[in-house]
Amino acid sequence: MAGGAGFLSSGLSMTELGLRIRARRRAQGLALEQLAELSGVSRSMVSDVERGTKTPTVLVLDRLATALGTSISRLLDEPAGNAFVLLRNGQQRVVRDPAGWERRILSPVLPGVEFEFMRTVLGPGVDAGEFSPHRPGSREYVAVESGRLTLTIDGQASTLEAGDSVYYPGDCRHAFANSGDVECVYYLVMDLGTAGPHAAWPGRER
């Protein structure tokens, strides 16, 4: 995810990111140990990220954002206006992971709106890992542009080919991997709504 010494590939400094995470944690009345427990990230890593001394992977940053009830994009950007917002290609935040994948955030951060629209590129054979459940009522939509994506929801794997799309509740464990020998490109929409918990589908354990 690093784009240079002490900086993210998004252009935000590690120090500023750490300050934003710490401010959000304190605003929610969470101790460092509580955020570590909620996110599944070690206390030492949370402390290092908050102090700006260690660059988190995309997965770690997502787990911290999820534990704080928000998205990566809100940690990286200040809210824009709620009218017309044009994001040129060079203005879009891009976070890159050392494992060989990147996430480009296509949607602006809007006041009071927890929504994220992103384009993800997984290199051949890259496993992006498993992401933590979001709050009940959240929703995610995925559409594969090219390549092949293995999507695993609460331990149940599905293979998506180019042109396939899928919806699933965001309040479950979800993992993304590319087991193929060509690059996989997919779009993901995350809506952290509060419409209430989803019912289980057949074969899903809750």
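Here the residue numbers are simple positions, counted from 1 along each chain's written sequence. Local features are withheld for residues below a pLDDT of 70 in this predicted model, meaning they are given only at 70 or higher, and side-chain atom pairs are given and counted only at 80 or more; totals for whole chains, interfaces and linings count all residues. The side-chain values count all of the structure's non-hydrogen atoms but skip hydrogen atoms and water molecules.

**So, the overall build of the protein**
Alright, step 1. Here a strand is any run of E in DSSP of at least two residues, a helix any run of H or I of at least four, and the numbering for each starts at the N terminus. Along the backbone of the protein there are 5 helices and 12 strands.
Alright, step 2. Working definition: with a 1.4 Å probe on protein chains only, accessible area under 20% of the residue-type maximum means buried, over 50% means exposed, and in between means partly exposed. Buried residues in the protein amount to 47% of all 206 residues.
Alright, step 3. Nonlocal contacts in the protein, meaning residues at least 24 apart in sequence, comprise 67% of its contacts between residues at least 6 apart.
Alright, step 4. Surface exposure here means Shrake-Rupley accessible area, sampled with a 1.4 Å probe, where a residue is shielded only by the protein chains that are shown. When the accessible surface of the protein is totalled, it reaches about 9700 Å², and 51% of it is carbon and sulfur. In this description, contact between two residues means that some pair of their heavy atoms is separated by no more than 4.5 Å.

**Examining the sheet that holds strand β4 (residues 101-105)**
Alright, step 1. When DSSP finds two or more bridges between a pair of strands, those strands are recorded as paired. What the 6 strands build is an open sheet, ordered β3-β4-β5-β12-β7-β10; its pairing is antiparallel. Each edge of the open sheet is held by one strand with a lone partner, namely β3 (93-97) and β10 (165-169). The mean inter-strand angle of the sheet, taken between neighbouring strand axes irrespective of direction, is 20 degrees.
Alright, step 2. Where strand β7 (residues 139-146) and strand β12 (residues 184-191) come together, 7 bridges link them in antiparallel fashion. By the bridge assignment, R139 is partnered in β12 with D191. Working convention: axes come from line fits to C-alpha atoms, limited for helices to the stretch in contact. Angles between N-to-C directions cover 0 to 180 degrees.

**Things to note about helix α2 (residues 32-39)**
Alright, step 1. Every buried residue of α2 is accounted for by L32, L35, A36 and S39. Buried residues of α2, seen end-on, are gathered within an arc of 100 degrees and therefore sit on one face of the element. Turned more than 90 degrees from where α2 packs its buried face, E37 and L38 sit exposed.
Alright, step 2. Those residues of α2 that are buried lie in contact with α1 (14-27), α3 (43-51) and α4 (58-67).
Alright, step 3. Downstream of α2 by a residue or two, G40 has a phi angle that is positive, lying close to 75 degrees. The directions considered for the arc are those from the helix axis to the C-beta atoms.

**Concerning the packing of α2 against α4**
Alright, step 1. Remark: α2 packs on α4, axes separated minimally by 8 Å, with the N-to-C direction vectors making an angle of 110 degrees. Classified by the angle their axes make, α2 and α4 are roughly perpendicular. Between α2 and α4 lies a crossing of right-handed hand. Taking contact as the criterion, the partners of L35, L38 and S39 in α2 are, on α4, R63, L64 and A67. Every angle not falling under 35 degrees, over 145, or within 65 to 115 is termed oblique; those three ranges are roughly parallel, roughly antiparallel and roughly perpendicular. Crossing handedness is read from the near helix: turned anticlockwise from the far helix by less than a right angle, it gives a left-handed crossing, and turned clockwise, a right-handed one.

Function cannot be inferred from these measures alone, as they are strictly geometric.
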